[in-house]
Amino acid sequence: MRNAFIFRVMIPAVVAFGVGSAVANADTIKQPETAPKVSSMPVSHSELRHFAAAIKQIQPIDMKAHQVIANNKLNATEKHQKLQSYD
């Protein structure tokens, strides 16, 4: 008798509660935002070259910074001081 009660009443109630709560939680899940719109203004060739030159200029500093961050022999204070010296 007890097993019949569990299978006829309790299990369907638990399943219904689980489905109901899943549906309720679906409303609270944040949907992904759409991608930002890309500017339709074309970039001039000189601006593009200037940007590429700036990237090439800071690349050695970026490589040094990555080496400092990856160095496990330095503690956090030493890493911070070295990174500040690159500014």
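Residues numbered from 1 in each chain as written. Predicted model: local features only at pLDDT ≥ 70, side-chain atom pairs only at ≥ 80, totals over all residues. Heavy atoms only, no water.

Caption draft 1: Region of interest: the overall build of the protein. Along the backbone of the protein there are three helices and zero strands. Start at the N end of the protein and walk to the C end: the helices and strands fall as α-α-α. Burial status across the protein gives 5% buried among its 87 residues. Accessible surface, the protein as shown: approximately 8,400 Å² in total, 63% of it carbon and sulfur. (Helix = DSSP H or I, 4+ residues; strand = E, 2+ residues; numbered from the N terminus. Buried < 20%, exposed > 50% of the residue type's maximum accessible area, 1.4 Å probe, protein only. Areas by Shrake-Rupley, 256 points an atom, 1.4 Å probe, with all protein chains shown as cover.)

Caption draft 2: Region of interest: the side chain of Lys-79. With respect to the helices, strands and loops of the structure, Lys-79 is situated in helix α3 (residues 76-85). Among the polar contacts made by the side chain of Lys-79, one reaches the main-chain carbonyl oxygen of Ile-69 at a distance of 3.1 Å. Sequence-distant contacts of Lys-79, that is, excluding residues within four places in its chain, are made with Val-68, Ile-69, Asn-71 and Leu-74. (Polar contact = N/O pair within 3.5 Å; in protein donor to acceptor, adjacent residues only side chain to side chain. Contact = heavy atoms within 4.5 Å.)

Caption draft 3: Expanded view of helix α2 (residues 45-70). Helix length check: α2, at 26 residues, gives a terminal C-alpha distance of 36 Å against a target of 38 Å (1.5 Å per residue), a fit within 8%. Of all the bends found along α2, the most pronounced is centred on Gln-59 and spans about 40 degrees, while Pro-60, a proline, follows it within four residues. (Expected span 1.5 Å × (residues − 1). Bend = angle between axes of the 7 residues up to and from the residue.)

Caption draft 4: Quick look at the packing of α2 against α3. One way to put it is that α2 packs onto α3 with a least axis distance of 10 Å and a crossing angle of 175 degrees. It follows from the interaxial angle that α2 and α3 lie roughly antiparallel. Between α2 and α3, the contacting residues are Ala-65, Val-68 and Ile-69 on the first element and Lys-79, Lys-82 and Leu-83 on the second. Residue composition of the contact of α2 with α3, grouped by class: four nonpolar, no polar and two charged. (Axes fitted to C-alpha atoms, helices over the stretch in contact; angles between N-to-C directions. Parallel < 35°, antiparallel > 145°, perpendicular 65-115°, else oblique. Nonpolar A, V, L, I, M, F, W, Y, C, P; charged D, E, K, R; others polar.)

Caption draft 5: Up close: a nonpolar patch on the surface. Among the surface-exposed residues, Phe-51, Ile-55 and Ile-58 lie close enough to one another that they form a single nonpolar patch of about 300 Å² accessible area. Looking at where Phe-51 falls in the secondary structure, it is placed in helix α2. (Patch = residues over 30% accessible without salt bridge, like charges linked within 9 Å, V, L, I, M, F, W, Y side chains within 5 Å. Salt bridge = Lys/Arg side-chain N within 4 Å of Asp/Glu carboxyl O.)

Caption draft 6: Quick peek at the environment of Gln-84. Tracing the sequence through the fold places Gln-84 in helix α3. As for Gln-84 and Ala-65, which are separated by 19 residues in sequence, their C-alpha atoms are 9.7 Å apart.

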